[in-house]
Amino acid sequence: MARPRKPLLSTDRIVETARVLVDAEGLAAASTRRLAAELGVSGPSLYNHFRTKDQILEAVADSVSAQVDLSMFSDGRDWRTALRDWAVSYRSALRDHPNIVPVLATGPGRRPAGLRLADAVYGGMVDAGWPPAQATSIGALMRYFIMGSALGSFAGGFVDDESAYDPADYPHLGQAHLLAEQQEKVDERAFEVGLAALLDGLAGQFSEATGR
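Residues numbered from 1 in each chain as written. Predicted model: local features only at pLDDT ≥ 70, side-chain atom pairs only at ≥ 80, totals over all residues. Heavy atoms only, no water.

**Quick look at the overall build of the protein chain**
Piece 1. What the protein chain contains, in helices and strands, is nine helices and zero strands.
Piece 2. The linear arrangement of helices and strands in the protein chain, starting from the amino end, is α-α-α-α-α-α-α-α-α.
Piece 3. Expected size for 212 residues packed as a compact globule is a radius of gyration near 17 Å; at 21 Å, the protein chain overshoots this value by more than 25%.
Piece 4. Projecting the C-alpha coordinates of the protein chain onto the three principal axes gives extents of approximately 70 × 55 × 30 Å.
Piece 5. Burial status across the protein chain gives 34% buried among its 212 residues.
Piece 6. Of the contacts made within the protein chain by residues no fewer than 6 positions apart, 69% connect residues no fewer than 24 positions apart.
Piece 7. Approximately 12,200 Å² of the protein chain is accessible, and the part contributed by carbon and sulfur atoms is 54%.
Piece 8. Measuring between centres, the 21 positive side-chain charges of the protein chain sit 12 Å from its 27 negative side-chain charges. (Helix = DSSP H or I, 4+ residues; strand = E, 2+ residues; numbered from the N terminus. Rg over C-alpha atoms; globule rule 2.2 N^0.38 Å. Buried < 20%, exposed > 50% of the residue type's maximum accessible area, 1.4 Å probe, protein only. Contact = heavy atoms within 4.5 Å. Areas by Shrake-Rupley, 256 points an atom, 1.4 Å probe, with all protein chains shown as cover. Lys, Arg positive; Asp, Glu negative; His and termini not counted. Charge placed at Lys NZ, Arg CZ, Asp CG, Glu CD.)

Structure (structure tokens):
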């Protein structure tokens, strides 16, 4: 019987395997040696697709950017609704792949999906009537907020040991030990509160800038 053929090595297969490794074990796991072992190939064969580990991580980051929905900037939604829906989609992608956030946080660079994302947000704001300089600032502001929310959990930063919060030292942290077990709910609510506050503030600036 003929031996089963190994799946052909491709850029997509390398990126998918690297993304799984990064999701499970962090950025350090995606070494070329480890990837080659996971893919069942020799290390040098990876260099036909990527010259360095950094290039692989850039591709993984871009694959995550490609998961963000951008349709709201072209389907007729008003700018505030579009910005909100995009922020929720973006955060969802980052929440599913938190270990790649430090690479994404450096900016889009030359990554195609990252640049399409930036183009869609900027274009959506300008088309809605925002002055170009303010549209740029909005894109930056939203990226700071969304990336920050994905870099770590506020609630998860508190230990679930009640004795760590002596009321003599921390009179207002009597319930802090309960935050960790409510991590997802607390963090989700904080994101929604912050996003609403940002959009409310932007709505006021939009009225001042455009008279609408």
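**Quick notes on the environment of glutamine 175**
Piece 1. As for its placement among the helices and strands, glutamine 175 is situated in the loop between α8 (132-151) and α9 (183-210).
Piece 2. You can call glutamine 175 exposed: its relative accessible area is 56%.

**Concerning the pattern of salt bridges**
Piece 1. Scanning the model with the defined rule gives 10 salt bridges in all.
Piece 2. The partner of arginine 80 in a salt bridge is aspartate 200, and the shortest N-O contact between them spans 2.5 Å. Taken together, the residues arginine 80 in helix α5 (residues 79-96) and aspartate 200 in helix α9 connect sequence positions 120 residues apart.
Piece 3. Classification of aspartate 200 by relative accessible area gives partly exposed; the value is 46%.
Piece 4. A salt bridge links glutamate 192 to arginine 84; the shortest N-O distance between them is 2.7 Å. Of this pair, glutamate 192 sits in helix α9 while arginine 84 sits in helix α5, and the two are 108 residues apart along the sequence.
Piece 5. One network of salt bridges, in which partners are shared, links Glu25, Arg34 and Glu38. (Salt bridge = Lys/Arg side-chain N within 4 Å of Asp/Glu carboxyl O.)

**Describing the packing of helix α1 (residues 11-25) against helix α4 (residues 53-65)**
Piece 1. Closest axis-to-axis distance for the α1/α4 pair is 9 Å, and the angle between their directions is 85°. Taken together, the axis directions place α1 and α4 in an arrangement best described as roughly perpendicular. Of α4, the residues touching α1 (which contributes Val15, Ala18, Arg19 and Val22) are Ile56, Leu57, Ala59, Val60, Ser63 and Val64.
Piece 2. Grouping the constituent residues of the contact of α1 with α4 by class yields eight nonpolar, one polar and one charged. (Axes fitted to C-alpha atoms, helices over the stretch in contact; angles between N-to-C directions. Parallel < 35°, antiparallel > 145°, perpendicular 65-115°, else oblique. Nonpolar A, V, L, I, M, F, W, Y, C, P; charged D, E, K, R; others polar.)

**Details of helix α2 (residues 32-39)**
Piece 1. Here α2 has its buried residues at Leu35, Ala36 and Leu39. One side of α2 carries all its buried residues, which in axial view fall inside an arc of 100°. Of the residues in α2, the exposed ones pointing more than 90 degrees away from the buried face are Arg33 and Ala37.
Piece 2. Within two residues after α2, glycine 40 carries a phi angle of roughly 70°, on the positive side. (Arc of directions from axis to C-beta.)

**A closer look at the packing of α8 against α9**
Piece 1. Between α8 and α9, the shortest axis-to-axis distance is 11 Å and the interhelical angle comes to 175°. The orientation of α8 relative to α9 falls into the category roughly antiparallel. On the side of α8, the interface is formed by Gln134, Ile138, Leu141, Met142, Phe145, Ile146 and Ser149, while α9 contributes Phe191, Gly194, Leu195, Leu198, Leu202, Gln205 and Ala209.
Piece 2. Taken together, the residues that form the contact of α8 with α9 break down as 10 nonpolar, four polar and no charged.

**Considerations on the nonpolar core**
Piece 1. Within the largest apolar cluster, 50 residues are counted, with the highest numbers of intra-cluster contacts made by Phe73, Leu83, Trp86, Leu94 and Met142.
Piece 2. For this core, the secondary structure elements donating two or more residues are α1, α2, α4, α5, α6 (101-104), α7 (112-128), α8 and α9.
Piece 3. Among the elements that make up this core, the one with the highest residue count is α5 (eight residues).
Piece 4. If near-sequence neighbours (up to four positions away) are discounted, tryptophan 86 is found in contact with Val68, Asp69, Leu70, Met72, Phe73, Leu117, Val121, Met142 and Ile146. (Core = buried A, V, L, I, M, F, W, Y, C linked by side-chain atoms within 4.5 Å.)

By themselves, these are just geometric observations and shouldn't be taken as functional.
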